[in-house]
Amino acid sequence: ASAVLIYLAPKIYESTTIVEIKPDVVVSLPDADGGVPVADSAFLEREMAHLASPEVMRRAVKKGAFDKRWGMTEEVAVEEMGRSVRVERIQGADLISIRALSVFRQDAPEMAEAVADGYRDDRVERVNKDSTQALERLKQMVRAQEDMVEESRKRYSPLVRMDT
């Protein structure tokens with residue numbers, strides 16, 4: 001007697017999107033001790049981790065309405081998106097590969113694009129927030145400098161009047 005075991009696995013579709021992640025060009029302000037920040041060597045690794053984060057996956061799910069498409073809650077869809085997407089660095093470049101796997105042909109490319117778009121939107125928000133905070137720090141530094149100038153002016157203005 002012989003037995004035949006047939007395993008039927010659904011076909012898996014794969015789509016890859018390549019994104020380039022460059023550090024932001026930001027004017028570096030001195031920190032509280034007067035030092036200027038140096039280049040961050042862990043930038044790309046941190047951005048890769050953020051790209052694969054639940055926040056970015058949530059943006060991707062919302063952008064593609066995958067929760068409704070897949071008939072599940074947003075939370076479950078975010079978890080499913082996280083399991084279905086792989087983020088890998090392409091060695092020797094500032095390039096990141098976003099690979100999406102799905103049993104539905106149309107979902108794989110849309111998932112990869114939605115994750116890339118979600119990351120881009122998130123990054124723009126973070127950069128804008130950082131820029132706004134840097135601008136506020138710069139304004140505070142200018143105000144402090146103006147206060148010092150005004151204080152010096154008050155202190156030395158009687159001396160200038162005496163000499164003339």
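Above: the structure in question.
None of these values were measured; they are calculated from a predicted model.

Caption draft 1: Layout of the overall build of the protein chain. Along the backbone of the protein chain there are five helices and three strands. The burial tally for the protein chain puts 27% of its 164 residues in the buried class. Long-range contacts, defined here as pairs at least 24 residues apart, represent 65% of the contacts in the protein chain between residues at least 6 apart. As displayed, the protein chain offers around 11,700 Å² of accessible surface, 56% of which is attributable to carbon and sulfur atoms.

Caption draft 2: Main features of the pairing of strand β3 (residues 95–102). Sheet topology places strand β1 (residues 13–20) next to β3; eight bridges connect them, and they run antiparallel. Its bridge partner being in β3, S15 is matched across the sheet by A100.

Caption draft 3: Expanded view of the side chain of H50. Relative to the elements of secondary structure, H50 occurs in helix α1 (residues 43–51). Discounting residues that sit within four places of it in the chain, H50 has contacts with E55, V56, D122 and R126.

Caption draft 4: Structural context of the pattern of salt bridges. Tallying each qualifying case throughout the model produces 20 salt bridges. Among the salt bridges present, the one from R99 reaches E14, with a minimum N-O distance of 3.7 Å. Placement of the pair is R99 in strand β3 and E14 in strand β1, with a sequence separation of 85 residues. Residue class for R99 comes out partly exposed when judged on its relative accessible area of 23%. E14 gets classed as partly exposed once you look at its relative accessible area, which sits at 48%. Overlapping salt bridges, with partners in common, bring together E47, R59, D122, E125 and R126 in one network.

Caption draft 5: Examining helix α4 (residues 74–84) more closely. Considered for burial, the residues of α4 that qualify are A77, V78, M81 and S84. Axial view of α4: buried residues confined to an arc of 130°, hence all on one face.

Caption draft 6: Structural view of the nonpolar core. Ranked by internal contacts, the top residues of the largest apolar core, which has 26 residues, are I21, L51, M81, V85, I96 and V115. Taken together, the elements giving at least two residues each to this core come down to α1, α2 (54–64), α3 (66–70), α4, β2 (85–90), β3 and α5 (107–163). In terms of residue count, α5 provides more of this core than any other element does, six residues in total.

Caption draft 7: Spatial organisation of the packing of aromatic side chains. One pass over the full model with this rule turns up one aromatic pair. A centroid spacing of 5.0 Å and a plane angle of 35° characterise the contact between F66 and W70, whose relative ring orientation is tilted. Of this pair, F66 and W70 both sit in helix α3, separated by four residues, roughly a single helical turn. Owing to a relative accessible area of 1%, F66 belongs among the buried residues under this scheme.

Caption draft 8: Region of the structure containing the packing of α2 against α4. Put simply, α2 and α4 touch, their axes get as near as 9 Å, and they point 110° apart. Here α2 is positioned roughly perpendicular relative to α4, judged by the angle of their axes. Handedness of the α2/α4 crossing: right-handed. Along the contact surface, α2 presents P54, M57, R58, A60, V61 and K62, while α4 presents E74, E75, A77, V78, M81 and G82. Per-class residue counts for the contact of α2 with α4 are seven nonpolar, one polar and four charged.

Caption draft 9: Representation of a nonpolar patch on the surface. Taken together, the side chains of L135, L138, M141 and V142 present a nonpolar region at the surface, about 310 Å² in accessible area. Here M141 falls in the partly exposed class, since its relative accessible area comes to 35%.

So, how was this worked out
Residues numbered from 1 in each chain as written. Predicted model: local features only at pLDDT ≥ 70, side-chain atom pairs only at ≥ 80, totals over all residues. Heavy atoms only, no water. Helix = DSSP H or I, 4+ residues; strand = E, 2+ residues; numbered from the N terminus. Buried < 20%, exposed > 50% of the residue type's maximum accessible area, 1.4 Å probe, protein only. Contact = heavy atoms within 4.5 Å. Areas by Shrake-Rupley, 256 points an atom, 1.4 Å probe, with all protein chains shown as cover. Pairing = 2+ DSSP bridges. Salt bridge = Lys/Arg side-chain N within 4 Å of Asp/Glu carboxyl O. Arc of directions from axis to C-beta. Core = buried A, V, L, I, M, F, W, Y, C linked by side-chain atoms within 4.5 Å. Phe/Tyr/Trp six-rings, centres within 6.5 Å; stacked < 30°, edge-to-face > 60°. Axes fitted to C-alpha atoms, helices over the stretch in contact; angles between N-to-C directions. Parallel < 35°, antiparallel > 145°, perpendicular 65-115°, else oblique. Left-handed = near helix turned anticlockwise from the far one by under 90°. Nonpolar A, V, L, I, M, F, W, Y, C, P; charged D, E, K, R; others polar. Patch = residues over 30% accessible without salt bridge, like charges linked within 9 Å, V, L, I, M, F, W, Y side chains within 5 Å.

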